[in-house]
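Residue-level structure breakdown
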Amino acid sequence: MSKEKIIIIGFGFLILLFAFFAIKKIKSLNEQITEQKEQVAKSHQRLEYVKDLEESLEERKMSGKVLVEIPRAQDPIANKVLMRKFMKAFLLRLGLEAEVEIENERKSRDFPDMVTVNEVPLKIGIKNYSSYDQVIKMLKEFKQFPFAVEILTIGGTDVPVSGNLRVQLKYYFVPGGS
């Protein structure tokens, strides 16, 4: 075999090798594009669900219907946002401006294992309140929802959130149920 034939065969082999890896890379990129499209579609679906839920809440608010529990979505991040919005609106209705911190949902240790109950810890820091009557009214309103007050401190630092009045709560719910 001559040197020219070896160079042509080697060059042909390099072209086949390049084509093989290029096709493999193109397939990988197509799969990534498909995955990204699916993720965008799922995110869009979640956004629409949260928007519908928010519109439903606004409609209930305008019609004066009372909520018996805090609305929940399928997404944990959306649940945190809904909980924060609900708590701020709830406290604002009572004339209290507050900072609200929502922790991650977890299985409640306050109930036996055979009963599936989850909890969401909340920390609320109220900057100004006009009277202790207003605080008592807030605590009475909490009783209408599945809240448990863990810590209530006036001027203390037991609850790590800013404000003069600090409250640490747990919101209890049955996952997947009502």
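For every chain, the first residue of the written sequence is number 1, and numbering continues from 1 onward in sequence order. Local features are withheld for residues below a pLDDT of 70 in this predicted model, meaning they are given only at 70 or higher, and side-chain atom pairs are given and counted only at 80 or more; totals for whole chains, interfaces and linings count all residues. Side-chain metrics rest on all non-hydrogen atoms present in the structure, leaving aside hydrogens and water.

**Concerning the nonpolar core**
- Put simply, a nonpolar core is a bunch of buried Ala, Val, Leu, Ile, Met, Phe, Trp, Tyr and Cys residues held in one set by side-chain atoms that sit within 4.5 Å of each other. We call a residue buried when its accessible area falls under 20% of the maximum for its residue type, exposed when it is over 50%, and partly exposed in between, using a 1.4 Å probe and counting protein chains only. Within the largest apolar cluster, 25 residues are counted, with the highest numbers of intra-cluster contacts made by Met87, Leu91, Ile124, Met138, Phe142 and Phe147.
- Numbering goes from the N terminus for both helices and strands, where a helix is a DSSP run of H or I of at least four residues and a strand is a run of E of at least two. Of all the secondary structure elements, the ones that give two or more residues to this core are helix 2 (76–93), strand 1 (97–102), strand 3 (118–128), helix 3 (132–142) and strand 5 (165–173).
- Only heavy atoms matter for contacts: two residues are in contact if any of them lie within 4.5 Å across the pair. Residues contacting Phe147, with those up to four places away along its chain left out, are Ile70, Met87, Leu122, Phe142, Leu169, Lys170 and Tyr171.

**Here we look at the pattern of salt bridges**
- In the sections that follow, a salt bridge refers to a side-chain nitrogen of Lys or Arg positioned within 4 Å of a carboxyl oxygen of Asp or Glu. Inspection of every chain in the model, using the stated rule, returns seven salt bridges.
- A salt bridge links Glu103 to Lys123; the nearest nitrogen and oxygen atoms lie 2.8 Å apart. Here Glu103, found in the loop between strand 1 and strand 2 (106–107), pairs with Lys123, found in strand 3; they are 20 residues apart in sequence, far enough to count as distant.
- Exposure remark for Glu103: the relative accessible area of 29% places this residue in the partly exposed category.
- According to the relative accessible area criterion, Lys123 is buried, its value standing at 14%.
- Lys170 is the salt-bridge partner of Glu150, the closest N and O atoms lying 3.2 Å from each other. Taken as a pair, Glu150 in strand 4 (residues 147–154) and Lys170 in strand 5 lie far apart in primary sequence, 20 residues in all.

**Details of the packing of helix 2 against helix 3**
- Across the interface, helix 2 lies against helix 3 with an axial gap of 10 Å and an inter-helix angle of 135°. With respect to their mutual orientation, helix 2 and helix 3 come out oblique. Seen from above, helix 2 lies across helix 3 with right-handed handedness. Contact with helix 2, carried on its side by Met87, Phe90, Leu91 and Arg93, involves Met138, Glu141 and Phe142 of helix 3 and no other residues of that element.
- Split by residue class, the contact of helix 2 with helix 3 holds five nonpolar, no polar and two charged. Between N-to-C directions, angles cover 0 to 180 degrees, with each direction set by a line fitted to C-alpha atoms, over the stretch in contact for helices. Throughout, the term roughly parallel applies to angles under 35 degrees, roughly antiparallel to angles over 145, roughly perpendicular to angles from 65 to 115, and oblique to all others. A crossing counts as left-handed when the near helix is turned anticlockwise from the far one by less than a right angle, and as right-handed when that turn is clockwise. As a working rule, the residues Ala, Val, Leu, Ile, Met, Phe, Trp, Tyr, Cys and Pro are called nonpolar, Asp, Glu, Lys and Arg charged, and the rest polar, with Gly in that last group.

**Observations concerning the packing of aromatic side chains**
- Aromatic rings from Phe, Tyr and Trp, with only the six-membered ring used for Trp, were paired whenever their centres fell within 6.5 Å, and each pair was classed as stacked if the ring planes differed by under 30 degrees, edge-to-face if by over 60, and tilted otherwise. Considering all chains together, one arrives at 11 aromatic pairs under this definition.
- Here Phe142 and Phe147 contribute two aromatic rings whose centre-to-centre distance is 5.3 Å and whose plane-to-plane angle is 65°, an arrangement assigned as edge-to-face. Considered together, Phe142 and Phe147 belong to a single accessibility category, that of buried residues.
- Plain terms: the ring middles of Tyr171 and Phe173 are 6.2 Å apart, the flat faces sit at 25° to each other, and that makes the pair stacked. Of the two residues examined, Tyr171 and Phe173, each falls in the buried class.
- Taken together, Phe86, Phe90, Phe142, Phe145, Phe147, Tyr171 and Phe173 form an aromatic cluster joined through their ring pairs.

**Regarding the environment of Leu57**
- Note on placement: Leu57 falls in helix 1 (residues 3–63).
- Look at Leu57 and you get partly exposed, because its relative accessible area is 21%.
- Separated by 29 residues in the primary sequence, Leu57 and Phe86 have C-alpha atoms spaced 9.5 Å apart.

**Topic: a negative patch on the surface**
- On the surface, a cluster of negative charge is contributed by Glu48, Asp52, Glu55 and Glu59.
- Of note, Asp52 is situated in helix 1.
- Under the relative-accessibility criterion, Asp52 is labelled partly exposed at 45%. Like charges are joined within 9 Å and nonpolar side chains (Val, Leu, Ile, Met, Phe, Trp, Tyr) within 5 Å, but only among residues with over 30% relative accessible area and no salt bridge; these make up the patches. The protein chains shown are the only cover counted for residues, whose accessible areas, like all others here, come from Shrake-Rupley with a 1.4 Å probe. Just so you know, the count uses Lys and Arg for positive and Asp and Glu for negative, and it drops His and the chain ends. A single reference atom marks each charge: NZ on Lys, CZ on Arg, CG on Asp, CD on Glu.

Just geometry here; none of it tells us what the structure is for.
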